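Understanding the architecture of this molecule
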Amino acid sequence: MPTLVCTAKASCKKLPGLLELTDTHLQWTQDGKRAPSIRVSFKEANSLFCSKEGAPQVRLKIGLLGNDVGHNFTFTSPQPVASQEREKFKQELTPIIARNKQLDAKPPILAAPQPVPPASVAAAPLASGNAPRLPPAVAAAAGPSFQSHSRAASVAAMDRRGTPVITGGDPAAEFRLRKKVLMNNPELGALHRDLVMTGQITEAEFWDGREHLLLAQQAAESQRKGKSGQLVDPRPETVEGGEIKIRITPQLVHDIFDEYPVVQKAYSENVPQNLSEAQFWQRYFQSKLFNAHRASIRSSAAQHVVKDDPIFDKYLERDDDGIEPRRERSEKPDLFVDLGATNEDHGELTVERDITMQAGRQKGALPLIRKFNEHSERLLNSALGDLPPIKRRRLDDGAEVFHQIEIEDLQDGESSNGIVLEMADRQRYFEGGVAGSTNKGAANGQQLDPKAIISESRNSLSDWEATLSGLKIERLAGDSALRSMTQNVAARLDVRSKNNDIPIGIFTQMTTCQTAANEFLRQYWSATLPQPPELQTAATATPAQRAAKAVKMIGYLAKTPEKVAAIVMQAQSSNVDAAKVEMAMKPVLESVNRAIAYHQTREAASIQRRK
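Residues numbered from 1 in each chain as written. Predicted model: local features only at pLDDT ≥ 70, side-chain atom pairs only at ≥ 80, totals over all residues. Heavy atoms only, no water.

Digging into the pairing of strand E4 (residues 38–41)
- Burial along E4 is one-sided: the residues Ile38 and Val40 are buried and none of Arg39 and Ser41 is.
- Here four bridges tie strand E3 (residues 25–30) to E4, and the two strands are oriented antiparallel to one another. Among the inter-strand pairings, Leu26 is bridged to a residue of E4, identified as Val40. (Buried < 20%, exposed > 50% of the residue type's maximum accessible area, 1.4 Å probe, protein only. Helix = DSSP H or I, 4+ residues; strand = E, 2+ residues; numbered from the N terminus. Pairing = 2+ DSSP bridges.)

See the structure below:
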């Protein structure tokens, strides 16, 4: 009998029913029927989607293998129970779907290499004359057959690897993160359209090595916006006709209720029994209660503007202008901040107390000062969260107090052991030291005389002033460096002063070619060079997958010289200086040729090892 994990009332296709999750499957049973109408085993679950927070309907969609439509469920319980039930199902199903995706990423089955006739081995000639020739396997990948069969067996197996999944997130959330990253970075979005949407590389290959962008976007979205530090003080606006209005928004109402609970109490007791909502706010902003809540010292003129109100006057409180605040702190202040902590250490005073710095000499300012203090305390409490007061205190008050009165200059200096030097083959170093000590100062088989060494050092230092005065430094090297830097700066200024005479169409083609080549180079070197240990995860490609990916990327790179040559020819036909285009694309060609030469060397070495 399967164990029931969680249940919830949910409708499917506008039919009410019961959604149940067991330890083996997910099922939905329509009301009035005994047998479940929908039954999905865990092996069939492929994706999970949820409605946005705050949506009118709380929905959950589960996609199946081979069926992206899946099933849609709408939780029918009242809020916030429906959202809590949906989150419970989401928490249980997310690891199951992630496990299914990991099991689906099977190792690739490489296709056996087929002999290629010499006639089909010839690759298109490179644009530069000194470009290296490709080995037969790479040339065949770069030929016409590669264009028509870009999803070869070896690469198709690699394509089945899922896009890198962020730990703890569902595929729908990660897709949303990728979409936001591409929208925030137009250049990366254009590269994604040019390479992924055209099928040249897969989604997983494109995001391989760019996980930090997704993590940064996730961190930016997970940051919780804190409470505003501004004290709630609605400002009236003067409109046409001399009328004074205050714009009331839901956020303003929420802030007033949060800052002044007495207003929320008045609202709950009088709306809608005695007043409508519009009448409530109109009378509140004309009452003495609102005037007492203003974030400024009330002037005598303002006192005559407000009106007596039989409803709001009941909620008026006496001004907190006494010597001691009406609301006492529940926590004791720090000993080094509490001004009354040492009162018991002093006896009767024979002189009058000095109260020139005592707060409250201006009685009208005390309520405002305490209002600001209470507002600051609420801000700090909102930042600390719902932690109980006992957990906010330091665990060791005694050590913290001692640390505050500790003077560093009176402490003994601690001896440091230094930084441990990590050495390769450390044993040989100590063996050499032991051998040196047994030779008693011998070097190269010869006995050293300390007296002779000291005498030679003294002789070399004699008449050092005359030697130093005769020292002459050649200015040739300094003048050459200064001349080179001056020419470099002049060349840059000359380039900036000239207008760009390359048409926008050719310049766009040059930019696209360079960006695509850089991406292919990044993919090739990431598949060829060993990955750092910190980047190796469970989804890391196998050596066979990396080799297939390298061959695929080198096939794309082999076509780069042809693309550059086509751009140069178009520039010539448009009466554009082709030398500028060749000079601009020269670094790209050099990088591509270096990658091709490196791949050719590796292929030759691999063939030699197999022999």
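Remarks on the packing of aromatic side chains
- Going through the model one piece at a time under the given rule, you end up with 17 aromatic pairs.
- A centroid spacing of 5.3 Å and a plane angle of 85 degrees characterise the contact between Phe206 and Trp207, whose relative ring orientation is edge-to-face. Of the two residues examined, Phe206 and Trp207, each falls in the buried class.
- Taking 5.5 Å as the distance between ring centres and 70 degrees as the angle between the ring planes, the aromatic pair formed by Tyr284 and Phe290 counts as edge-to-face.
- An aromatic cluster is defined as three or more aromatic residues linked by ring pairs; in this entry it consists of Phe257, Tyr267, Phe280, Trp281, Tyr284, Phe285, Phe290 and Phe312.
- Against the face of Phe206 rests Arg210, its NZ or CZ located 4.5 Å from the ring centre. (Phe/Tyr/Trp six-rings, centres within 6.5 Å; stacked < 30°, edge-to-face > 60°. Lys NZ or Arg CZ within 6 Å of the ring centre and 35° of its normal.)

Let's talk about the pairing of E3
- With respect to burial, E3 is a largely interior element, six of its six residues being buried.
- Of the two faces of E3, both are covered, the one formed by His25, Gln27 and Thr29 as well as the one formed by Leu26, Trp28 and Gln30.
- Pairing between strand E2 (residues 15–22) and E3: five bridges, direction antiparallel. For Leu18, the partnering residue across the bridge sits in E3 and is Thr29.
- The antiparallel hairpin formed by E2 and E3 contains two residues in its connecting segment.

Things to note about the nonpolar core
- The biggest cluster of nonpolar side chains holds 39 residues, and the ones touching the most others in it are Phe206, Phe520 and Leu557.
- Elements with a minimum of two residues in this core: helix H6 (171–184), helix H7 (186–195), helix H8 (203–207), helix H22 (504–528), helix H23 (543–557), helix H24 (560–573) and helix H25 (578–610).
- In terms of residues, this core owes the most to one element, H22, which gives nine residues.
- Looking at which domains feed residues into this core, each of domain 2 (135–158 + 166–222) and domain 3 (496–610) supplies at least three.
- For Phe520, the contacting residues outside a window of four places in its chain are Leu195, Gln200, Ile201, Met553, Tyr556 and Leu557.
- Formed by 24 residues, the second largest nonpolar core is a distinct cluster that contains Cys6, Cys12, Phe42 and Ile96. (Core = buried A, V, L, I, M, F, W, Y, C linked by side-chain atoms within 4.5 Å. Domains from an automatic or database assignment. Contact = heavy atoms within 4.5 Å.)

A short note on the confidence of the model for the protein
- With 72% of its residues at a pLDDT of 70 or more, the protein has an overall mean of 75.
- When the elements of the protein are averaged for pLDDT, helix H2 (residues 118–121) gives the smallest value, 34, and H24 the largest, 90.
- For the stretch residues 106–165, pLDDT sits under 50, and the model shows 87 contacts to residues farther than four places along the chain or on other chains.
- Here residues 297–304 is a poorly scored stretch, pLDDT under 50, and it has eight contacts once near neighbours within four places are set aside; other chains count. (pLDDT = per-residue confidence, 0-100.)

Here's the deal with the packing of H22 against H23
- With their axes 8 Å apart at the nearest point, H22 and H23 run at an angle of 155 degrees to one another. On the basis of the axis angle, H22 is roughly antiparallel to H23. Crossing handedness for the pair H22 and H23: left-handed. Of the residues in H23, those in contact with Ala517, Phe520, Leu521, Gln523, Tyr524, Ser526, Ala527 and Thr528 of H22 are Arg546, Lys549, Ala550, Met553, Ile554, Tyr556 and Leu557.
- Along the lines of polarity and charge, the residues of the contact of H22 with H23 split into ten nonpolar, three polar and two charged. (Axes fitted to C-alpha atoms, helices over the stretch in contact; angles between N-to-C directions. Parallel < 35°, antiparallel > 145°, perpendicular 65-115°, else oblique. Left-handed = near helix turned anticlockwise from the far one by under 90°. Nonpolar A, V, L, I, M, F, W, Y, C, P; charged D, E, K, R; others polar.)

Observations regarding the packing of helix H11 (residues 261–270) against helix H12 (residues 277–284)
- For the pair H11 and H12, the least separation of the axes is 11 Å and the interaxial angle reads 140 degrees. For the crossing formed where H11 meets H12, the hand is right-handed. Residues Val263, Ala266 and Tyr267 of H11 lie in contact with H12, whose contacting residues are Glu277, Phe280, Trp281 and Tyr284.
- For the contact of H11 with H12, the residue count by class is six nonpolar, no polar and one charged.

Overview of H24
- Here H24 contains 14 residues, and its C-alpha end-to-end distance of 20 Å stays within 8% of the 20 Å for a straight helix at 1.5 Å per residue.
- Within H24 the residues assigned to the buried category are Thr560, Pro561, Val564, Ile567, Val568 and Ala571. One side of H24 carries all its buried residues, which in axial view fall inside an arc of 120 degrees. Residues of H24 that are exposed and point more than 90 degrees away from the buried face comprise Met569 and Ser573.
- Buried residues in H24 make contact with H22, H23 and H25.
- Phi turns positive one or two residues past the end of H24, at Asn575, with a value near 60 degrees. (Expected span 1.5 Å × (residues − 1). Arc of directions from axis to C-beta.)

Examining the pattern of salt bridges
- Counted by the stated rule, this structure contains 13 salt bridges.
- In this structure, Lys88 engages Glu92 in a salt bridge whose closest nitrogen and oxygen atoms are separated by 3.3 Å. Placement of both Lys88 and Glu92 in helix H1 (residues 81–104) is noted, with a separation of four residues, approximately one turn of the helix.
- With a relative accessible area of 35%, Lys88 lands in the partly exposed category.
- A salt bridge links Arg210 to Glu519; its shortest N-O distance comes to 2.5 Å. Of this pair, Arg210 sits in the loop between H8 and helix H9 (211–222) while Glu519 sits in helix H22, and the two are 309 residues apart along the sequence. (Salt bridge = Lys/Arg side-chain N within 4 Å of Asp/Glu carboxyl O.)

A look at a nonpolar patch on the surface
- On the surface, a cluster of nonpolar side chains totalling about 450 Å² of accessible area is made up of Leu421, Met423, Tyr429 and Phe430.
- Relative to the elements of secondary structure, Tyr429 occurs in helix H18 (residues 426–438).
- The exposed category is assigned to Tyr429, whose relative accessible area is 52%. (Patch = residues over 30% accessible without salt bridge, like charges linked within 9 Å, V, L, I, M, F, W, Y side chains within 5 Å. Areas by Shrake-Rupley, 256 points an atom, 1.4 Å probe, with all protein chains shown as cover.)

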